[in-house]
Amino acid sequence: MARRVLLLGSLLLGLALLLGSAASGFVSGGAARRPALRATSAAADVHVRLGASSGKPSIQVEETRGNAEIGAAVVSFFVGLLFPLLGGFNLGIIFAVLGYTIANGTAAEQLSNNASGKQYAGTAVQVGDLLLQAGESGLKAVNFAGKKIDELT
């Protein structure tokens, strides 16, 4: 169990680093020069803070709705990865895409536009709220891991 928690924490930390490096350029080392990085997408703003003013490296992810949606996708990926019998990387990717579209409300909009899916739109909103809560918990876990890493360095 502790091994899975450690794996989850390291993967969430890797996601935070990936989001930060995409905004600054992986090879150029721009993350070390800029204290705050910002990557934007059409759906949501993603804010990752790498590097502190004191010179020590730190990783903190702002707890915004956009980051919670991405966190919901990460949680959904792990559910798909560990799903009994059919679990694996491909199912994890499918769950991540479904989790993200449900968390940001796209699935509920599409279901409400479809005549046969209107009865499921409310359920999609409720599941989206639960996924957002799970994504926020994931963000808090990443921030907790970042603080513990800062304490160790």
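Keep in mind it's a predicted model, so treat the numbers as computed, not measured.

Student: Now, about the overall build of the protein chain: what can you tell me, with residues and values included?
Tutor: A tally of regular secondary structure across the protein chain gives six helices and three strands. Reading the helices (α) and strands (β) of the protein chain from amino to carboxyl end gives α-α-β-β-β-α-α-α-α. Residues counted as buried form 33% of the 153 residues belonging to the protein chain. Contacts in the protein chain between residues far apart in sequence, at least 24 positions, make up 47% of those at least 6 positions apart. Accessible surface, the protein chain as shown: approximately 9500 Å² in total, 64% of it carbon and sulfur.

Student: So what's going on with the pattern of salt bridges? Which residues, and what values?
Tutor: On inspection of all chains with the given rule, the structure shows two salt bridges. Arg65 is paired through a salt bridge with Glu69; the nearest N and O atoms lie 3.4 Å apart. Note that Arg65 and Glu69 are positioned in helix α3 (residues 65–81) at a spacing of four residues, about one turn of the helix. The buried category is assigned to Glu69, whose relative accessible area is 4%.

Student: For the confidence of the model for the protein chain, give the residues involved together with the corresponding values.
Tutor: Here the protein chain averages 75 in pLDDT, while 63% of its residues score no lower than 70. pLDDT under 50 marks residues 16–44. Its contacts with residues more than four places away, or in other chains, come to 44 contacts.

Student: Which residues make up the environment of Ile102, and what values go with them?
Tutor: On the secondary structure map, Ile102 appears in helix α4 (residues 89–103). Overall, the relative accessible area of 23% leaves Ile102 in the partly exposed class. Those residues within four positions of Ile102 in sequence are excluded, and the remaining contacts are Ala107, Ala124, Val127, Gly128 and Leu131.

Student: Describe the side chain of Ser76, listing the residues and the values that go with them.
Tutor: The residue Ser76 is located in helix α3 in this model. Here the side chain of Ser76 touches Ala72 through a polar contact of 2.9 Å, landing on its backbone oxygen. Not counting the four nearest positions on each side in its chain, Ser76 is found in contact with Gly92, Phe95, Ala96, Gly99 and Leu131.

Criteria and cut-off values
Residues numbered from 1 in each chain as written. Predicted model: local features only at pLDDT ≥ 70, side-chain atom pairs only at ≥ 80, totals over all residues. Heavy atoms only, no water. Helix = DSSP H or I, 4+ residues; strand = E, 2+ residues; numbered from the N terminus. Buried < 20%, exposed > 50% of the residue type's maximum accessible area, 1.4 Å probe, protein only. Contact = heavy atoms within 4.5 Å. Areas by Shrake-Rupley, 256 points an atom, 1.4 Å probe, with all protein chains shown as cover. Salt bridge = Lys/Arg side-chain N within 4 Å of Asp/Glu carboxyl O. pLDDT = per-residue confidence, 0-100. Polar contact = N/O pair within 3.5 Å; in protein donor to acceptor, adjacent residues only side chain to side chain.

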